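Spelled out from the first residue to the last, the chains are:
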Amino acid sequence: MPHDPAGPWHPETLAIMAGYDPAMASGAAKPPVYLTSTFVYESAAQARDIHEAYFRGTGPMAGQPNYIYARLSHPNLAMLETRLAAIDGAERAAVFASGMAAQSAIAFQHVRPGDSVLHCRPIYGGTDALYNQLMPRFGAHVVQMFDGCDGEHIRARADLALAQGPLALIVIETPANPTAAITDIALVVAIADEIGARTGRRPLVVCDNTFLAPFAQRPIALGVDYNMTSLTKYCGGHSDLLAGGVSGRAELIDALAQSRTMLGSHCDPFTCWLVLRSLESVAVRSERAMANAAQVATFLRDHAKVAGVTYLGFLPAGSPQRAVFDRQCHGAGSTFSFHLHGGQDEAFRLLDALRLVKQAVSLGGSETLACHSATTTHYNVPAADRAAGGITEGTIRLSVGIEHPDDLIADFAQALEQV
Ligand SMILES: Cc1ncc(COP(=O)(O)O)c(C=O)c1O
């Protein structure tokens with residue numbers, strides 16, 4: 001049977017087949033790794049035509065997979081970008097050397113001196129630093145919003161941003177690192193549309209989908225302009241690589257990929273190959289991790305030494321957050337935070353007593369990882385901002401893996417005894 005990448009396939013199926021056809025490589029069932037920095041032309045005229053196709057999108061080679069130099073694109077990058085776009089339900093995707101490379105490419109692409117940016121809080125510490133430390137050096141004004149489900153609040157914060165300069169970007173991360181705070185994606189898109197109609201410049205909506213990954217939340221279908229994901233996490237899935245992806249409309253992504261050539265932040269062939277392979281199993285890995293997380297979160301919630309668990313599955317019925325979660329998410333994820341009674345001493349005692357669960361930042365790997373948010377991932381965030389984002393001195397972030405859930409619960413049970 002011929003390979004049919006255009007069939008009416010579900011995203012889970014596209015994750016296994018899109019972007020690579022065995023006919024591309026001597027029938028090899030799996031793609032080769034193209035370890036080359038440059039590509040040889042058949043003639044000077046072909047070299048010219050390929051450059052014309054790349055830079056102008058015209059000429060006899062337009063629309064073909066033309067490669068020039070691996071920083072511009074290479075076969076493994078093209079395969080991965082095709083697959084990621086297919087999974088996300090987007091026209092195009094661009095893949096970068098890390099999630100932060102993807103996030104900063106978007107910032108440098110759109111934010112001009114005097115512009116403003118609105119972002120949710122909490123937000124990943126690296127993104128926080130990008131917008132609150134780096135972008136202001138280029139003349140950007142940055143405003144935060146604290147309740148991503150409250151339209152009045154978001155509009156008021158957007159007005160505050162607009163008072164300082166044209167609003168270039170609304171950057172949301174939902175669920176957010178580390179507390180899994182939720183933002184209503186469709187509401188933010190509607191507010192961006194309102195601002196566009198009112199001011200003549202519609203801010204672009206960037207959604208960081210890292211925490212739920214491509215299957216449990218589908219931001220493109222909800223209207224975002226850029227769907228950004230740290231592929232380092234669930235998509236890579238084994239804590240052994242760094243990569244970042246952005247999907248969206250062709251005109252936005254093509255321009256972003258051209259800028260990536262100047263920034264030099266493309267993803268290398270072997271890492272692309274690893275991510276392409278890992279995407280095949282992200283749906284089943286996520287399902288297992290989410291099932292484990294539900295059991296671990298329930299155990300922690302019911303433990304006397306735990307003050308609270310910010311796990312999406314526990315959002316109270318009738319709350320605005322629950323309504324957004326039910327509408328927007330197809331699963332509760334497997335990264336969440338829990339808050340111990342007490343503070344740093346208690347948190348450190350628990351972490352140091354864990355025997356199976358490893359202490360490390362990052363998330364979305366096959367193994368369970370835990371870290372103390374205030375002194376690791378959010379070390380660089382001012383204490384008041386941490387507190388506003390719900391991070392206390394007793395907050396521990398957990399990324400639940402795919403081990404046997406009974407072993408995870410036993411490890412937390414014995415470690416909590418020692419707090
Ligand atoms: C929500 C979120 N977005 C973006 C990033 C950055 O991704 P990377 O580490 O691949 O640069 C992280 C990293 O932890 C993250 O948690």
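Our structure is the block above this text.
Residues numbered from 1 in each chain as written. Predicted model: local features only at pLDDT ≥ 70, side-chain atom pairs only at ≥ 80, totals over all residues. Heavy atoms only, no water.

This structure, assessed with the given rule, holds 17 salt bridges. For R249, the salt bridge goes to D225, with nearest N and O atoms at 3.0 Å. Separated by 24 residues along the polypeptide, R249 in the loop between β7 (244-248) and α9 (250-263) and D225 in the loop between α8 (213-216) and β6 (226-230) bring together distant segments of the chain. Sharing partners across several salt bridges, the network here consists of D193, R202, D225, R249 and E251. (Salt bridge = Lys/Arg side-chain N within 4 Å of Asp/Glu carboxyl O. Helix = DSSP H or I, 4+ residues; strand = E, 2+ residues; numbered from the N terminus.)

Attention now goes to the sheet that holds strand β1 (residues 92-96). A sheet is described by the order of its strands in space; here 7 strands give the open sequence β1-β7-β6-β5-β4-β2-β3, paired in mixed fashion. The open sheet has two free edges, formed respectively by β1 and β3 (141-145), since each of these has just one partner strand. On average, adjacent strands in this sheet sit at an angle of 20° to one another, irrespective of strand direction. Both strand β4 (residues 167-173) and strand β5 (residues 204-208) contribute to a ladder of 5 bridges, which runs parallel. Pairing of I172 across the sheet is with C207, part of β5. Strands in contact with helix α7 (residues 185-199) are β3, β4 and β5; relative to β4, the strand with the most contacts, it is inclined by about 175°. (Pairing = 2+ DSSP bridges. Axes fitted to C-alpha atoms, helices over the stretch in contact; angles between N-to-C directions. Contact = heavy atoms within 4.5 Å.)

Turning our eyes to something else, we now look at the nonpolar core. Among the nonpolar cores identified, the biggest contains 49 residues, and Y131, L169, Y226 and V246 are the most heavily contacted of them. Looking at this core, the element that brings in the most residues is α7, giving 7 residues. Grouped together as the second largest cluster of nonpolar side chains are 37 residues, A216, C329, A415 and L416 included. (Core = buried A, V, L, I, M, F, W, Y, C linked by side-chain atoms within 4.5 Å. Buried < 20%, exposed > 50% of the residue type's maximum accessible area, 1.4 Å probe, protein only.)

Now for the pairing of β3. For β3, a buried count of 4 out of 5 residues is recorded, marking the element as mostly surrounded by other parts of the structure. Where strand β2 (residues 116-120) and β3 come together, 5 bridges link them in parallel fashion. For L118, the partnering residue across the bridge sits in β3 and is V143. Each parallel crossover has a hand, and for β2 linked through helix α5 (residues 125-134) to β3 it is right-handed. (Right-handed = clockwise from strand over helix to strand, strands pointing away.)

Here we come to the site of the ligand. Around the ligand sit 13 residues, and of these G99, M100, D208, S230 and T232 come closest. Between an oxygen atom of the ligand and a side-chain N or O atom of T232, the distance comes to 2.6 Å. Within the complex, the protein chains bury 94% of what would otherwise be the 380 Å² of accessible surface of the ligand. Taken together, the residues that form the shell around the ligand break down as 4 nonpolar, 6 polar and 3 charged. (Near = heavy atom within 4 Å. Polar contact = N/O pair within 3.5 Å; in protein donor to acceptor, adjacent residues only side chain to side chain. Areas by Shrake-Rupley, 256 points an atom, 1.4 Å probe, with all protein chains shown as cover. Nonpolar A, V, L, I, M, F, W, Y, C, P; charged D, E, K, R; others polar.)

Our next topic: helix α4 (residues 99-110). The first and last C-alpha atoms of α4 sit 17 Å apart over 12 residues, in line with the 16 Å expected at 1.5 Å per residue. Within α4, burial applies to G99, A101, A102, Q103, S104, A105, I106, A107, Q109 and H110. The distance from a side-chain oxygen at the start of α4 to the backbone nitrogen of M100 is 3.4 Å, and the residue carrying that oxygen is S98. (Expected span 1.5 Å × (residues − 1).)

Here we take up the packing of α4 against α9. Helix-helix packing is described using two parameters, namely the angle between the two axes and the distance between the axes. Between α4 and α9, whose axes approach to 10 Å, the crossing angle comes to 100°. By the criterion of interaxial angle, the relationship of α4 to α9 is roughly perpendicular. Listed contacts from α9 to A105, I106, Q109 and H110 of α4 are L252, A255, L256, S259 and L263. When its residues are assigned to classes, the contact of α4 with α9 shows 6 nonpolar, 3 polar and no charged. (Parallel < 35°, antiparallel > 145°, perpendicular 65-115°, else oblique.)

Let us look at helix α6 (residues 151-164). If you check α6, its first and last C-alpha atoms are 20 Å apart, about what 14 residues at 1.5 Å a residue would give, namely 20 Å. Within the sequence span of α6, burial applies to G151, H153, I154, A158 and A161. Buried residues in α6, looked at end-on, bunch into an arc of 160°, giving them a common side. Residues of α6 that are exposed and point over 90 degrees away from its buried face: E152 and A163. For α6, the secondary structure elements touched by its buried residues are β2, β3, β4 and α7. Taking the backbone nitrogen of E152 as reference, a side-chain oxygen 3.0 Å away marks D150 as the first, capping residue of α6. (Arc of directions from axis to C-beta.)

So, about the sheet that holds strand β10 (residues 358-359). In a beta sheet, neighbouring strands pair by backbone hydrogen bonds and run either parallel or antiparallel. Here 5 strands make up an open sheet; going across it, the order is β8-β9-β12-β11-β10 and the pairing mixed. At either margin of the open sheet sits one strand with a lone partner, and together these are β8 (306-310) and β10. By the bridge criterion, 2 bridges tie β10 to strand β11 (residues 369-372) in an arrangement that is parallel. When the bridges of β11 are listed, Q359 appears paired with A370. Here helix α11 (residues 282-301) sits on the sheet in contact with β8, β9 (335-340) and β12 (395-399), set at roughly 10° to β9.

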